[in-house]
Amino acid sequence: MKDVKDLQKKLTFEIEHIANKKPDIMEKSQEFCEEYKNFLSVCKTEREAVSTIIEMAKANGYTEYCSEKKYKAGDKVYLNNRNRALILSTIGTLTVDNGTRIAASHIDSPRLDLKPNPLYEKNEISYFKTHYYGGVKRYQWGVTPLAIHGIVYKEDGSFVEINVGEDENDPVFCISDLLPHLAKDQRERKMADVLKGEEMNVIVGSLPYEGENVKEAVKLATLVYLNEKYGMTEKDFLRAEIEVVPSGRARDIGFDRSLVGGYGQDDRVCAYTSLVAELETKNPTKTTITIFADKEEIGSTGATGLQADYMKNFICNLAMMQNVNMFTALQNSTCLSADVGAAYDPTFGDAYEPNNSCYVNKGAILTKYTGSAGKGGTNDCGAEFMAEIIGLLDSKNVCWQTGELGKVDQGGGGTVARFIAECDITTVDLGVPIISMHSPFELASKLDIYSTYEAFSAFLNR
Ligand code: MN
Ligand code: MN
């Protein structure tokens, strides 16, 4: 009987709860996530993430990258791409034609953007019109406190930053929903249309400009407030970038405080874990390249998304500085595409295939492929690199698991992996399992967050 059990243990593969497998990280993960919750609470937009990460990088000896300058092993630099994306790098002892180590997360999250001309009044209530960004279930964004974050440029070339709805003394904003008593027609709508795109209107005021009998006096009162506070006029909305996001700080979830709940964990959880690993990297053999990309949620488009050339240009510039072949540098580089995965949610178990799902508290997810339908749009990582990364994680005793994004033909999605792979760079996805992904309040396990940090650390310092 004993022989059979031994045989079974030897031949089968099962992933344990981290609390049993590696109890020594229970306390460390709690501590690690205190700083993580702060990061998540102050970085609600890609711009806020860029400025926060630059501040942290400077405090850790990073200087602004200059393509004309010569850098030596151990130097730490940052490249700010248009205030919406960022690269941190620690120069290795080997030249970059030996390959670099890339960790690529994204710092944009699903949200509601203000339209270019957002402000209007209807029945003496003033509103901002929004255009949703990324994959959101719009109904989740109604009747919940919202904050407004952004930047406005003015005619004289100066700019002002807006951040309202986070401080406990701030007002917040809200999208209304219809009361159930009158929802007979709304109840017949399909889920995607419970709140329609043109119904995502944010209430910003309801008092008229005092004492004056003018047309649209409530809209005017809102403009007067904005002018007094920010020095802006209605025209300035056209040179602004303003995002509506859920209000409030990240919190512990559960009596045991085992989970973090908060907005934007896709993908700032991978941004933070790879950031800490990058900041701690000292004198690596291979140059590290830690990317914080923008526009992943809408297809990695534009100059700050990873379909653009800025990462490739950065590596090629390093190769030119070292007088080595830039194509060889790309070919020999390897990348962890640092993005979250869909944790199995027992309440909605039907959407997943249990044998190939990832679970909370079982570690970082190593995802061979993403995509949808017949793997459409994926970077399907080869067996060789899977073997290399599994070997690395096992050798460093990092808790990891595998996971597919839901069951076949249930939907799907992609990451930046394919765009990096298309630069001739071997790439695989690795990140944190998330429950309620893309919602205003996403959940992640602290043990998984800490394990993912350990994974990035092992990779960058390899
Ligand atoms: Mn993501
Ligand atoms: Mn996403």
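In case you missed it, the structure is sitting above this.
Worth saying up front: this structure is predicted, and the values here are computed from it rather than measured.

Engineer: Outline the environment of Ala-319, supporting the account with residue identities and numerical values.
Structural biologist: Its place among the elements puts Ala-319 in helix α7 (residues 310-321). Sequence separation of Ala-319 and Leu-330 is 11 residues, and the distance between their C-alpha atoms is 9.5 Å. Excluding anything up to four places from it in sequence, Ala-319 contacts Val-96, Val-324, Asn-325, Met-326 and Ala-329.

Engineer: Please provide a residue-by-residue account of the coordination of the manganese ion (ligand 2), values included.
Structural biologist: Every protein donor of the manganese ion (ligand 2) is listed here as Asp-266 (OD), Glu-297 (OE), Glu-297 (OE) and His-438 (NE2), and their distances to the metal cover 2.0 to 2.5 Å. In primary sequence terms, the donor set of the manganese ion (ligand 2) follows D-x30-E-x140-H. In this structure the manganese ion (ligand 1) is found 3.3 Å away from the manganese ion (ligand 2), and Asp-266 serves as a bridging donor for the pair. Taken as a pair, Asp-266 in helix α6 (residues 265-280) and Glu-297 in the loop between β14 (288-293) and α7 lie far apart in primary sequence, 31 residues in all.

Engineer: I'd love a proper account of the nonpolar core, names of residues and values included.
Structural biologist: Counting residues in each nonpolar core, the largest one holds 58 residues, and the members touching the most others are Leu-88 and Ile-449. Ranked by residue count, the leading element in this core is helix α11 (residues 446-460), at 9 residues. Among residues more than four places away in sequence, those in contact with Ile-449 are Phe-32, Cys-33, Tyr-36, Val-260, Gln-265, Val-269, Thr-273, Val-432 and Ala-444. Counting 29 residues, the second largest nonpolar core, distinct from the first, contains Val-77, Ala-85, Ala-104 and Ile-425.

Engineer: If you had to explain the pairing of strand β3 (residues 85-90) to someone new, which residues and values would you point to?
Structural biologist: Burial analysis of β3 places 6 of its 6 residues in the buried class, which makes it a mostly covered element. Of the pairings in the sheet, the one linking strand β2 (residues 76-81) to β3 comprises 6 bridges and is antiparallel in character. For Lys-76, the partnering residue across the bridge sits in β3 and is Thr-90. Following β2, the chain reverses through 3 residues before pairing antiparallel with β3; Arg-82 in that reversal takes a positive phi of roughly 55°. Here 5 bridges tie β3 to β14, and the two strands are oriented antiparallel to one another. Its bridge partner lying in β14, Ser-89 is registered against Ile-289.

Engineer: Lay out a nonpolar patch on the surface with the relevant residues and their values.
Structural biologist: A contiguous nonpolar surface patch, about 280 Å² in accessible area, is contributed by Leu-178, Leu-179 and Leu-182. The residue Leu-178 is located in the loop between β9 (174-175) and β10 (201-205) in this model.

Engineer: Can you tell me about unusual backbone geometry, naming the residues and giving the values?
Structural biologist: The omega torsion across Asp-266 and Asp-267 is 15°, close enough to zero to call that bond cis. In this structure, Asp-267 sits in helix α6. Not every positive phi belongs to a glycine, and Ser-300 is a case in point at roughly 55°. Along the chain, the position of Ser-300 falls in the loop between β14 and α7.

Engineer: Which residues make up the packing of helix α3 (residues 25-42) against α11, and what values go with them?
Structural biologist: Relative to each other, α3 and α11 sit at 85°, their axes nearing to 8 Å. When the interaxial angle is binned, α3 and α11 end up roughly perpendicular. Residues Ile-25, Met-26, Lys-28, Ser-29, Gln-30, Phe-32, Cys-33 and Tyr-36 of α3 touch α11, and the partners they reach there are Lys-446, Leu-447, Ile-449, Tyr-450, Ser-451, Tyr-453 and Glu-454. For the contact of α3 with α11, the class distribution of residues is 9 nonpolar, 3 polar and 3 charged.

Engineer: Account for the sheet that holds strand β17 (residues 364-367), with residues named and values stated.
Structural biologist: Read from one edge to the other, the open sheet built from 9 strands follows the order β1-β2-β3-β14-β4-β15-β21-β17-β19, with strand pairing classed as mixed. Both edges of this open sheet fall to β1 (63-64) and β19 (400-402), since each of them pairs with a single strand only. Sheet topology note: the β1/β2 ladder contains 2 bridges and is parallel. Residue pairing in the sheet places Glu-64 in a bridge with Tyr-78 of β2. Contacts from helix α4 (residues 46-59) reach β2, β3 and β14, with the element oriented near 20° to β3. Its contacts with the sheet put α6 on β2, β3, β4 (101-106), β14, β15 (334-338) and β21 (426-431), and the angle it makes with β4 is roughly 150°.

Engineer: An account of the coordination of the manganese ion (ligand 1) is requested, with residue identities and associated values reported.
Structural biologist: Six octahedral donors at a metal ideally form angles of 90 or 180 degrees, and four tetrahedral donors ideally form angles of 109.5 degrees. All of the protein donors around the manganese ion (ligand 1) are His-106 (NE2), Asp-266 (OD), Asp-339 (OD) and Asp-339 (OD); their distances to the metal are 2.1 to 2.5 Å. Going along the chain, you hit the donors of the manganese ion (ligand 1) in the pattern H-x159-D-x72-D.

About the criteria used
Residues numbered from 1 in each chain as written. Chains lettered and ligands numbered in written order. Predicted model: local features only at pLDDT ≥ 70, side-chain atom pairs only at ≥ 80, totals over all residues. Heavy atoms only, no water. Helix = DSSP H or I, 4+ residues; strand = E, 2+ residues; numbered from the N terminus. Contact = heavy atoms within 4.5 Å. Donors = N, O, S within 2.8 Å, 3.2 Å for Na, K, Ca; no water. Core = buried A, V, L, I, M, F, W, Y, C linked by side-chain atoms within 4.5 Å. Buried < 20%, exposed > 50% of the residue type's maximum accessible area, 1.4 Å probe, protein only. Pairing = 2+ DSSP bridges. Patch = residues over 30% accessible without salt bridge, like charges linked within 9 Å, V, L, I, M, F, W, Y side chains within 5 Å. Areas by Shrake-Rupley, 256 points an atom, 1.4 Å probe, with all protein chains shown as cover. Salt bridge = Lys/Arg side-chain N within 4 Å of Asp/Glu carboxyl O. Axes fitted to C-alpha atoms, helices over the stretch in contact; angles between N-to-C directions. Parallel < 35°, antiparallel > 145°, perpendicular 65-115°, else oblique. Nonpolar A, V, L, I, M, F, W, Y, C, P; charged D, E, K, R; others polar.

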